[in-house]
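Below, each chain spelled out in residue letters.
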Amino acid sequence: MILTLIFTVILYFSNIPYVLNGLSALLSILEIWELYSSVPFHNKSFIYMFVSHIVTGILSFIPLTQYTVILYFLFPVTILGFIVLIHQVGHYKLDAPYKRLPIALMFPLFFRALPEIRREECGLMMLITAIGICVLTDVSAYFIGRALGKKKIAPKISPNKTLAGCVGGIVDSVTVITMAVILADIYMDIRVNYLILLIYLVTASVVGQFGDFAMSSIKRTVGVKNFGKILPGHGCILDRFDSLLFVAPFTIYYYAALNRFI
């Protein structure tokens, strides 16, 4: 509840320059801390974490006029990298600090998508939709999975994820957001291309769940059950924002490919 209130306030003031830049920097710094503190600390870990934090401060606030171009290359490469990592769980370890550096640098580059989304013509709606699809997919997948889920998808990576939960999360979240957009279309007279919207919602829901598996694969590869409990009742930042970490840059990617959102 507190987390929802905080994000509502941030979204309300998101038109103010550097508000979302500060949020992306904060989330990145906390996730880098969780990543490097997940194994016993030593001097090299501190050095790599310090460098990552400095780079985060730079990447979060400097103008990135070619950010979309960077994503065209970085996003699919990252997806492929995590597919390999997921496949290698149990055979590969992220024990050395330098092995975790590419992941640490991914955080500020991907969260930088938040202020970049807000700068677009329908940026606020895009942000709300991106966050909404992440939250609704996560919540729906959890409850539907508990009620109906039997078939596990990847028990070695995320033992609680079921096929019913994943599919139900997609269907439920897409349905709820589509209904909300229909109401907005009726009462606020906005123009909506429902085909483009539906394709985005389905793919974003899938991407968000992939982000969940990706962060879980890091935990299994590092050899920890949880990265921490920095958020009371929610766990760690990596667990709570794993979907948004991937959905935010995907939203920019999708918008750039079609030159429109809805």
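Position numbers for residues start from 1 in each chain and track the written sequence from start to end. With the structure being a predicted model, the display of local features is reserved for residues of pLDDT at least 70 and the display and counting of side-chain atom pairs for 80 or more, all residues being used for whole-chain, interface and lining totals. Side-chain measures were taken over the full set of non-hydrogen atoms in the model, leaving aside hydrogen atoms and water.

Draft legend 1. Molecular detail of the overall build of the chain. Here a strand is any run of E in DSSP of at least two residues, a helix any run of H or I of at least four, and the numbering for each starts at the N terminus. In terms of helices and strands, the chain carries 11 helices and zero strands. What you see in the chain, going N to C, is helices and strands ordered as α-α-α-α-α-α-α-α-α-α-α. In terms of overall dimensions, the chain is globule-like: its C-alpha atoms have a radius of gyration of 18 Å, near the 18 Å expected for 262 residues. Referenced to the eigenvectors of the C-alpha coordinate spread, the extents of the chain come out at roughly 60 × 45 × 35 Å. Look at the contacts in the chain between residues 6 or more apart in sequence, and 77% of them connect residues 24 or more apart. Here the chain displays about 13600 Å² of accessible surface, and carbon together with sulfur accounts for 70% of that area. For the purpose of charge, His is not counted, nor are the chain termini; Lys and Arg are scored as positive and Asp and Glu as negative. By convention, charge coordinates are those of NZ in Lys, CZ in Arg, CG in Asp, or CD in Glu. Side chains of the chain give 20 positive and 13 negative charges; the mean places of these two sets differ by 11 Å. Between the two quantities, the radius of gyration covers C-alpha atoms and the globule rule is 2.2 Å times the number of residues to the power 0.38. Contacts are residue-level and defined by heavy atoms, with any inter-residue pair within 4.5 Å sufficient. Using a 1.4 Å probe, the Shrake-Rupley method yields the accessible areas, and only the shown protein chains count as cover for residues.

Draft legend 2. Summary view of the environment of Leu59. Relative to the helices and strands, Leu59 resides in helix H3 (residues 43-61). Three labels apply to residues, based on accessible area from a 1.4 Å probe with only protein chains included: buried if under 20% of the type maximum, exposed if over 50%, partly exposed otherwise in between. Owing to a relative accessible area of 16%, Leu59 belongs among the buried residues under this scheme. Residues Leu59 and Ile144, spaced 85 residues apart in sequence, show a C-alpha to C-alpha distance of 38 Å. Look past the residues within four positions of Leu59 in its chain and what remains in contact with it is Leu64, Pro108, Leu109 and Arg112.

Draft legend 3. View of the pattern of salt bridges. For this analysis, a salt bridge means a side-chain nitrogen from Lys or Arg found within 4 Å of a carboxyl oxygen belonging to Asp or Glu. Within the structure shown, the criterion is met by five salt bridges. Here Arg240 ties to Asp138 by a salt bridge, and the two come within 3.2 Å at their closest N and O atoms. Residue Arg240 is found in helix H10 (residues 237-240), and its partner Asp138 is found in helix H7 (residues 123-148); the two are separated by 102 residues along the sequence. The class of Asp138 is partly exposed, set by a relative accessible area of 30%. Put simply, Lys161 and Asp212 hold a salt bridge, and the shortest N to O gap is 2.5 Å. With a gap of 51 residues between them, Lys161 in the loop between H7 and helix H8 (163-188) and Asp212 in helix H9 (residues 194-222) connect regions that are remote in the sequence.

Draft legend 4. Structural view of the packing of aromatic side chains. Think of it this way: a Phe, Tyr or Trp ring, Trp meaning its six-membered ring, pairs with another when their centres are within 6.5 Å, and the plane angle makes it stacked under 30 degrees, edge-to-face over 60, tilted otherwise. If you walk through the whole model with that rule in mind, you get 15 aromatic pairs. For the pair Tyr12 and Phe13, a centre-to-centre distance of 5.0 Å together with 85 degrees between the ring planes defines the contact as edge-to-face.

Draft legend 5. Region of the structure containing unusual backbone geometry. We note that Tyr18 has phi near 75 degrees; this positive angle belongs to a residue other than glycine. By the element assignment, Tyr18 lies in the loop between helix H1 (2-12) and helix H2 (19-36). Classification of Tyr18 as exposed rests on a relative accessible area of 52%.

Draft legend 6. Main features of the confidence of the model for the chain. A residue-level look at the chain finds 92% of positions with pLDDT of 70 or above and a mean pLDDT of 87. Think of pLDDT as the predictor's per-residue confidence, scored from 0 to 100. Across the chain, the element-wise mean pLDDT spans from 81 in H10 up to 95 in helix H6 (residues 113-118).

Draft legend 7. Region of interest: the packing of H7 against helix H11 (residues 242-258). For helices, the axis comes from a line fit to the C-alpha atoms of the stretch in contact; other axes are also lines fit to C-alpha atoms, and the angle between any two N-to-C directions lies between 0 and 180 degrees. Packing of H7 against H11 leaves a shortest axis separation of 10 Å and a crossing angle of 140 degrees. Judged by the inter-axis angle, H7 sits oblique to H11. Crossing handedness for the pair H7 and H11: right-handed. Where H7 abuts H11, its residues Met126, Ala130, Ile131, Ile133 and Cys134 lie against Ser243, Leu244, Val247, Thr251 and Tyr255. Classification convention: Asp, Glu, Lys, Arg as charged; Ala, Val, Leu, Ile, Met, Phe, Trp, Tyr, Cys, Pro as nonpolar; all other residues, Gly among them, as polar. Counted by class, the contact of H7 with H11 contains eight nonpolar, two polar and no charged residues. Our angle categories are set so that under 35 degrees counts as roughly parallel, over 145 as roughly antiparallel, 65 to 115 as roughly perpendicular, and the remainder as oblique. Crossing handedness is defined as follows: a turn of the near helix away from the far one that is anticlockwise and smaller than a right angle gives a left-handed crossing, while the clockwise case is right-handed.

Draft legend 8. Representation of H9 in the model. When the terminal C-alpha atoms of H9 are compared, their 42 Å separation across 29 residues agrees well with the 42 Å that a helix rising 1.5 Å per residue should span. Extensive coverage of H9 is indicated by the burial of 21 of its 29 residues. One or two steps after H9, the chain reaches Gly223, where phi turns positive at roughly 100 degrees. Given the number of residues in a helix, its expected span is that number minus one, multiplied by 1.5 Å.

Draft legend 9. Main features of the packing of helix H4 (residues 67-87) against H11. Packing of H4 against H11 brings their axes to within 10 Å, and their N-to-C directions diverge by 130 degrees. On the basis of their axis angle, the class for H4 and H11 is oblique. As H4 packs across H11, the resulting crossing turns out to be left-handed. Facing H4, whose interface residues are Tyr67, Thr68, Leu71, Tyr72, Phe75, Pro76, Thr78, Ile79 and Phe82, H11 presents Phe246, Pro249, Phe250, Ile252, Tyr253, Ala256 and Ala257.

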